[in-house]
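Examination of the molecular architecture
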Amino acid sequence: MIVNISVLFVCLGNICRSPTADGIFAHRVNAADLSEHIRVDSAGTADWHTGRTPDTRTVAAARARGYDLSCLQARQVTPADFTTFDYVLAMDNSNLAYLRDIAPPDYSGHLGLFLDFAAHQSIREMPDPYYGESDGFEQVLDLVEVAAEGLLEHIQQRRQSV
Ligand code: 4NP
């Protein structure tokens, strides 16, 4: 049986970490020929950057590794997202606390930290690169690449077991 799965990545502003996760995971999904079955999106807990493309530093760092994030647009997460998405994955514990506050009590999907899918990494929260140096954007890319691989493996196993 073919199972369709949807994944929402969430950070604070939806211009650095979650668009990076969105673009890289969508790239992996596409490479696995699964884009008809796995829907990918991202959002922010804050509405400050709604409608904007990702931070120019985020776009440039991703582009240097072959990922195009320039067509993504920031939006704020809403309670309705919990009726749409099977996986709602937060970048840090503060994002996760916000999401737990707005999630319907009967949400039956997976609400957790994205880096829980990163194998062999002790770090559980994605560092926020927004106010830091450019190596912060490289660190986000490194972590997202590992976690995206783990998440795709997890979803593929789940699809096969249904
Ligand atoms: P993000 O990073 O949550 O990874 O998108 C931030 C983006 C913007 C701000 C903070 C963090 N800000 O303060 O505007």
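Everything in this summary refers to the structure shown in the same document. Computed from a predicted structure; not experimentally measured. (Residues numbered from 1 in each chain as written. Predicted model: local features only at pLDDT ≥ 70, side-chain atom pairs only at ≥ 80, totals over all residues. Heavy atoms only, no water.)

1. Structural notes on the packing of helix α1 (residues 17-31) against helix α5 (residues 135-161)
Where α1 contacts α5, the two axes come as close as 9 Å, and the packing angle between them is 45°. Between α1 and α5, the angle falls in the class oblique. In terms of crossing hand, the pair formed by α1 and α5 is right-handed. Between α1 and α5, the residues in contact are Arg 17, Thr 20, Ala 21, Ile 24, Phe 25, Arg 28 and Val 29 and Val 140, Leu 141, Val 144, Glu 145, Ala 148, Leu 151, Leu 152 and Ile 155, respectively. In terms of residue class, the contact of α1 with α5 is built from eleven nonpolar, one polar and three charged. (Axes fitted to C-alpha atoms, helices over the stretch in contact; angles between N-to-C directions. Helix = DSSP H or I, 4+ residues; strand = E, 2+ residues; numbered from the N terminus. Parallel < 35°, antiparallel > 145°, perpendicular 65-115°, else oblique. Left-handed = near helix turned anticlockwise from the far one by under 90°. Contact = heavy atoms within 4.5 Å. Nonpolar A, V, L, I, M, F, W, Y, C, P; charged D, E, K, R; others polar.)

2. A closer look at the site of the ligand
Within the structure, the ligand sits among Cys 11, Leu 12, Gly 13, Asn 14, Ile 15, Cys 16, Arg 17, Trp 48, His 49, Asp 128, Tyr 130 and Tyr 131. Asn 14 places a polar main-chain atom, nitrogen or oxygen, 3.2 Å from an oxygen atom of the ligand. For the ligand, the accessible surface in isolation is 350 Å², of which the surrounding protein chains cover 94%. Placement of the ligand is best described as lying within the largest pocket. Here the residues of the shell around the ligand are counted per class, giving seven nonpolar, three polar and two charged. (Near = heavy atom within 4 Å. Polar contact = N/O pair within 3.5 Å; in protein donor to acceptor, adjacent residues only side chain to side chain. Areas by Shrake-Rupley, 256 points an atom, 1.4 Å probe, with all protein chains shown as cover. 1 Å grid on protein atoms, 1.4 Å probe; cavity = no way out; pocket = protein on both sides within 12 Å on 5 of 7 lines; lining within 4 Å. Sits in = over half its atoms within 2 Å of the grid points.)

3. Observations concerning empty space enclosed by the protein
Tallying each qualifying case throughout the model produces one cavity of 30 Å³ or more. Empty space within the largest cavity amounts to approximately 30 Å³. Around the largest cavity, the lining residues are Cys 16, Thr 20, Thr 58, Ala 61, Ala 62, Phe 137, Val 140 and Leu 141. Classifying every residue of the lining of the largest cavity gives six nonpolar, two polar and no charged. (Points joined across faces, edges and corners; volume = space filled by probe spheres on them.)

4. Re the sheet that holds strand β3 (residues 87-90)
Sheets are built from strands that pair by backbone hydrogen bonding, the pairs being arranged parallel or antiparallel. Read from one edge of the open sheet, four strands run β2-β1-β3-β4, paired in parallel fashion. With partners counted over all chains shown, the strands left at the sheet margins are β2 (38-44) and β4 (110-113), one partner each. Across the sheet, the axes of successive neighbouring strands diverge by a mean angle of 20°, strand direction being ignored. Both strand β1 (residues 5-11) and β3 contribute to a ladder of four bridges, which runs parallel. Bridge pairing in β3 links Val 7 to Tyr 87. Each of β1 and β2 touches α1; the most contacted strand, β2, lies at about 170° to it. Where helix α4 (residues 93-102) meets the sheet, it contacts β1, β3 and β4, and its direction lies at approximately 155° from that of β4. (Pairing = 2+ DSSP bridges.)

5. A short note on the layout of surface pockets
When its volume is computed, the largest pocket comes out at roughly 150 Å³. The wall of the largest pocket is formed by Cys 11, Leu 12, Gly 13, Asn 14, Ile 15, Cys 16, Arg 17, Trp 48, His 49, Asp 128, Tyr 130 and Tyr 131. Residues belonging to the lining of the largest pocket are distributed by class as follows: seven nonpolar, three polar and two charged.

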